[in-house]
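Results of the structural survey
Residue strings, one per chain:
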Amino acid sequence: VNANDAFAFAPCWGVQFHPESISTEYGEKLIANFKRITENYYHSTNKRMEENKIKVHFQKTEMAKSGKGKENRVHINKPPLPLPTLGDNQGVKISEQDDAVLYVRELVFGKNQRTDKPEGVFKFIGSGNDQSVNRSRCAFWLDSATCNWSDDKPSENEGQEKQKTRGRFSYMGNGDGPNAKLVEFSLDQNYRSLSTEDPYDAGSDNHSIRHHLKVSAKVKGGEEWEVVEEPEHDIFSYLDLQLCLLKKKSKLKYTRWCCHRNAAISESEKRISDWEGDFDFLCGYVGFLGYGLRRLCDVKSCGVKSAGKLVHPTRVNPKADESKSSCHIKGQCNNNDAYVPDSAFLFADRVIVWDHLEKKIYLLVWTKTGGNAAQAARSWMSNVQKTLIIPDTKVVVKGSPKVEPQEVEPPRNSEQCIVLGVPNDKEVLISSIPDDVYVKQIESCLALIKMGETYEVCLTKQLYSTVTVDPSKFYELLREINPAPYGAFFEINPVRSDEAIGIDCSHSNRGTSSFAICSSSPERFLRVNRNGTVESKPIKGTIKRGRNVAEDLELAETLRSNVKDRAENLMIVDLVRNDLGRVCESVSVPKLMQVETYETVHQLVSTVTGCIDTERYSTLQTIRAAFPGGSMTGAPKLRTMKIIDEIEPCERGVYSGSLGFLSINGAADLNIVIRTAVITPNGVTVGTGGAIVALSDPTEELNETKLKAEALNTSMCSYIIKHGGV
């Protein structure tokens, strides 16, 4: 310390502690003691402090105690950190929409009427012109595949019982509606390094980051999509303003419809803001935010790499000098038609909603007023209604045998893959980097943790396969093998397997997106309800399922009590509390480190909730404040993301981002993109990884990445056995 410095009187040592942590038992007392000691020090050196014009401020924080005496709620008495606000000063150009109507039809079926399952209906609703799934420009299915509402018996396993409450609603639709539009957003991919001279490095203005946003739609009632708008603003600002306008301009007409008599039972009309139904998605945008968008989320000190065109890695010579490249990936992106933007959203004007708890189905149509819009909406709902009902000809007469074609049972794990004939000399999904290199990366993280640079690093890697895959068929297998509460299928410009075989994509220059995201994610990033309450469910801590009930319960308890896993989870919970605290009036942790059980693994899950300051912050600003999810970065967030950019050899792309819906009523529900395959005509890419903390063992961490990818690898094996593709 320089003797002339204003802080020359300050001590040259310090102690770091976290009284604000959710698990700190005496946090309020620690803060009070620190305040008292500092005030005493201030008064004892009052003359010197005044000479140097130094002022000391204390932030008052109130802690509310839970029933167990732990702090579970923090009331923030300071204004949250500044975020981009709505306004015309962002270069946003948006045209006023005509008044619009949202038609909501609740289907009431007759006693003897049976409906098809969601997977059967999706082959209809996800298809172009409601005929063939092969002609759809865009399709989505936000899928609660874990639901089993037919079983009313209480479960002995607490985690399995709670699993029933995690996924009540499923939503599906496509881009065939007259008001559908596709929004694609990409950051400038020429800025990928961490060069200190990079204009996007620390200190630069987020709004100066070069990017491209384009909006495509059907023009004048035609079937071909054209680019209709290329706004200058980023994806967050564009979606924010569009949703605000849609909420303002739309009214809601609700109908209970008797399918047996094909007539309305009751009708009502209300404002969108007065909707009191059980589900929150009332048409709006469905899509994903890639990990590369961290550059736009008030993160100036992290890296500048962008997903750009998806890298489907190709093996290089294994004997090559690994000192030049620790990754078996070519350094540049392939110039082909397998282009995946940093973000893409479909405006879904027609949606089918499945309520798995109440066994209800709703049809939603958003449309502009005037012309034959109302008639077109009713016509679509009638067509879907007919498709939902299983005709009497499909009902098997009692006593008559039902003949089914013989099929090979798909494998349920990696051992069965080998038995059923999948080659065992190599994995179907190949790691982009060798195991020993990944172990060295873990050791680098441990060294940085020891140096005090970070507490926890979410280190990831990419797996890939050149197998040609039909996305919809692959997703059918994935949701069967690894059902998940936040599963999703999202597809843009599909290229089916029969079309893709034999195509040389390396010379294609279509310049358009063509990809599918098949996700079996167990993790919720953020849910924002229409009243401004936000919820996040970070996952940290994973262990395999047992071979029998006794072993399964033992493994679940091992996870629950594991010191390392609890440390991982705690740090991310505190990080998420901090993220939400930027936009919330209060933040709570109603559930801390609870074990949830899934098809292949147990997970350690916490729940963080908050009340958004809705007078100052919108849903998109809340998402922007917390993105990317802390469970995929580590803590502290900003510094750790920069460490990740320095260690990981390739961009994550869709993986580690979020996928879900943004409703016109201000609600949103987004997952964390994990346990997910990204499919293009060139092949399949899967991300996997884990949190590195001081107690991490490199070999165990490596094995955990393989455990997390097993469901995807098994699904690939199953696809090869059932459909071919190699």
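Residues numbered from 1 in each chain as written. Predicted model: local features only at pLDDT ≥ 70, side-chain atom pairs only at ≥ 80, totals over all residues. Heavy atoms only, no water.

Focus: the overall build of the protein
In plain terms, the rule: Every helix listed is a DSSP run of H or I at least four residues long, and every strand listed is a run of E at least two residues long, numbered separately from the N terminus. We get accessible surface area from the Shrake-Rupley algorithm with a probe of 1.4 Å; when it comes to residues, only the shown protein chains can shield them.
Counting its regular elements, the protein contains 15 helices and 28 strands. Carbon and sulfur atoms provide 49% of the accessible area of the protein, an area that totals close to 33,900 Å².

Digging into unusual backbone geometry
What counts here: Each residue's exposure class comes from its accessible area (1.4 Å probe, protein chains only) as a fraction of the maximum for that residue type: buried when under 20%, exposed when over 50%, partly exposed otherwise.
Here phenylalanine 627 and proline 628 are connected by a cis peptide whose omega angle stands at -10°. You can see proline 628 is positioned in the loop between helix H13 (619–626) and strand E24 (634–635). In this structure, proline 636 follows alanine 635 across a cis peptide bond, with omega equal to -5°. In this fold, proline 636 is placed in the loop between E24 and helix H14 (637–647). Positive phi, close to 55°, is recorded for lysine 359, a residue that is not glycine. With respect to the helices and strands, the residue lysine 359 is situated in the loop between strand E13 (350–355) and strand E14 (360–368). Accessibility expressed as a relative area gives 59% for lysine 359, which makes it exposed. In this model, serine 656 sits at a positive phi of 80°, which is unusual for a non-glycine residue.

Re the pattern of salt bridges
Our working rule: We define a salt bridge as a contact between a side-chain nitrogen of Lys or Arg and a carboxyl oxygen of Asp or Glu at a distance within 4 Å.
Per the stated rule, a full pass over the model turns up 32 salt bridges. Across the pair arginine 479 and aspartate 143 runs a salt bridge whose closest N-O atoms are separated by 2.7 Å. Within this pair, whereas arginine 479 is found in helix H9 (residues 471–481), its partner aspartate 143 is found in strand E4 (residues 138–143), the two being separated by 336 residues in sequence. Of the two residues, arginine 479 and aspartate 143, neither departs from the other in class, the shared state being buried. A salt bridge links lysine 214 to glutamate 184; the nearest nitrogen and oxygen atoms lie 3.9 Å apart. Here the residue lysine 214 occupies a position in strand E7 (residues 211–218), and glutamate 184 occupies one in strand E6 (residues 181–187), the gap between them amounting to 30 residues. We note that lysine 214, like glutamate 184, is buried. Look at the salt bridges and you will find they share partners, linking Lys564, Asp565, Glu568 and Glu701 into a network.

Section: the packing of helix H5 (residues 235–249) against H13
What counts is decided by this rule: With axes taken as lines fitted to C-alpha atoms, and helix axes fitted only over the stretch in contact, angles between N-to-C directions fall between 0 and 180 degrees. What sets the label is the angle itself: under 35 degrees gives roughly parallel, over 145 gives roughly antiparallel, 65 to 115 gives roughly perpendicular, and the rest give oblique. Two residues form a contact once any of their heavy atoms are found within 4.5 Å. Residue polarity is assigned by list, with Asp, Glu, Lys and Arg as charged and Ala, Val, Leu, Ile, Met, Phe, Trp, Tyr, Cys and Pro as nonpolar; anything else, Gly included, falls into the polar class.
For the pair H5 and H13, interaxial distance at closest approach is 9 Å and the crossing angle is 155°. With respect to H13, the element H5 is oriented roughly antiparallel. In contact with Phe236, Ser237, Leu239, Asp240 and Leu243 of H5, H13 contributes Leu620, Gln621, Ile623 and Arg624. A breakdown of the residues in the contact of H5 with H13 according to their chemical character gives five nonpolar, two polar and two charged.

Remarks on the side chain of threonine 542
The condition that has to hold: Polar contacts here mean pairs of N or O atoms no more than 3.5 Å apart (in protein, one a potential hydrogen donor and the other a potential acceptor; neighbouring residues in sequence count only if both atoms are side-chain atoms).
Relative to the helices and strands, threonine 542 resides in strand E21 (residues 539–544). Its relative accessible area of 10% is what places threonine 542 among the buried residues. A distance of 2.7 Å separates the side chain of threonine 542 from the side chain of glutamine 603, its partner in a polar contact. What threonine 542 contacts, discounting residues up to four positions off in sequence, is Leu559, Val601, His602, Gln603, Arg675, Glu704, Leu707 and Lys708.

Here's the deal with H14
Those residues of H14 lying buried are Lys637, Thr640, Met641, Ile643, Ile644, Asp645 and Ile647. Tucked inside the fold, the buried residues of H14 contact helix H8 (435–450), strand E16 (456–465), helix H12 (563–581), H13 and E24.

Some points on the packing of aromatic side chains
This is how the line gets drawn: When the centres of two rings from Phe, Tyr and Trp lie within 6.5 Å, Trp using its six-membered ring, the rings pair. Their planes under 30 degrees apart give stacked, over 60 give edge-to-face, and anything left gives tilted. As a reminder, the over-ring test applies to NZ of lysine and CZ of arginine, requiring each to be within 6 Å of the ring centre and within 35 degrees of the ring normal.
Under the counting rule described, the total for this entry stands at 15 aromatic pairs. With a centroid separation of 4.8 Å and an interplanar angle of 55°, the aromatic rings of phenylalanine 279 and tyrosine 362 are classed as tilted. Here phenylalanine 279, found in the loop between strand E10 (263–271) and strand E11 (284–289), pairs with tyrosine 362, found in strand E14; they are 83 residues apart in sequence, far enough to count as distant. Across the pair, tyrosine 362 and phenylalanine 279 agree in class, each one buried. Among the aromatic residues, ring-to-ring pairing joins Phe169, Tyr254, Trp275, Phe279 and Tyr362 into one connected group. Cation over ring: lysine 461 sits above tyrosine 438, and NZ or CZ is 4.8 Å from the ring centre. Across from the ring centre of tyrosine 291, 4.5 Å away, lies the NZ or CZ of arginine 652, which sits over that ring.

Section: H8
How we decide: A helix is expected to reach a length of 1.5 Å times the quantity of its residues less one.
The first and last C-alpha atoms of H8 sit 23 Å apart over 16 residues, in line with the 22 Å expected at 1.5 Å per residue. Residues of H8 that are buried sit in contact with E16, H14, strand E28 (683–692) and helix H15 (698–723). Note on H8: the residue one or two positions beyond its end, glycine 452, has a positive phi of about 85°.

Here's the deal with the pairing of strand E18 (residues 515–521)
Quick reminder of the rule: Here a strand pair is declared whenever DSSP counts at least two bridges between the two strands.
Burial of E18 is extensive: seven of the seven residues sit out of reach of the surface. Across seven bridges, strand E17 (residues 486–492) lies against E18 in antiparallel orientation. Residue pairing for E18: phenylalanine 490 is matched across the bridge by isoleucine 517. Both E18 and strand E27 (residues 676–680) contribute to a ladder of four bridges, which runs antiparallel. By the bridge assignment for E27, alanine 516 is matched with isoleucine 679.

What to know about the environment of glutamate 456
Along the chain, glutamate 456 turns up in strand E16. Since its relative accessible area comes to 1%, glutamate 456 is described here as buried. Placed 234 residues apart in sequence, glutamate 456 and glycine 690 show a C-alpha to C-alpha distance of 10.0 Å. Sequence-distant contacts of glutamate 456, defined by excluding residues within four places in its chain, comprise Lys540, Ala567, Glu568, Met571, Ile572, Thr633, Gly634, Ala635, Thr640, Ala691, Ile692 and Val693.

Focus: the nonpolar core
Applied cut-off: Buried residues of nine kinds, namely Ala, Val, Leu, Ile, Met, Phe, Trp, Tyr and Cys, make up a nonpolar core once their side-chain atoms join them within 4.5 Å.
Counting 96 residues, the largest nonpolar core has Leu102, Tyr171, Phe279, Tyr285, Leu364 and Phe490 as its most contacted members. With six residues, H5 is the single largest residue contributor to this core. In terms of nonpolar packing, the next biggest core, distinct from the first, is built from 43 residues, Cys259, Val428, Phe474 and Val684 among them.

Concerning the pairing of E17
Of all seven residues in E17, seven are buried; the element is thus mostly enclosed. Side chains Tyr486, Ala488, Phe490 and Ile492 project from E17 onto one buried face, and the interleaved Gly487, Phe489 and Glu491 project onto a second face that is buried too. Across six bridges, E4 lies against E17 in antiparallel orientation. Note on E17: the bridge partner recorded for leucine 142 is alanine 488.

Examining the environment of asparagine 703
Considering the arrangement of structural elements, one finds asparagine 703 in helix H15. With relative accessibility at 42%, the residue asparagine 703 sits in the partly exposed group. When the C-alpha positions of asparagine 703 and aspartate 435 are compared, they lie 9.7 Å apart, and in sequence the two are 268 residues distant.

A look at the confidence of the model for the protein
Any residue range with low pLDDT should be treated as having predicted coordinates unsuitable for detailed reading. To keep things clear, this is the line we draw: Along the chain, pLDDT gives the predictor's confidence residue by residue, from 0 to 100.
Mean pLDDT over the protein works out to 75, with 69% of the residues at or above the 70 mark. Here residues 127–134 is modelled with pLDDT under 50, and outside its nearest four sequence neighbours on either side it reaches 20 contacts, counting other chains as well. Low pLDDT, under 50, characterises residues 299–338; the predicted model gives this stretch 126 contacts beyond four residues in sequence or across chains.

As for the environment of lysine 368
Here lysine 368 shows up in strand E14. The exposure class assigned to lysine 368 is partly exposed, which follows from its relative accessible area of 31%. The sequence separation of lysine 368 and lysine 249 amounts to 119 residues, and the corresponding C-alpha distance is 9.6 Å.

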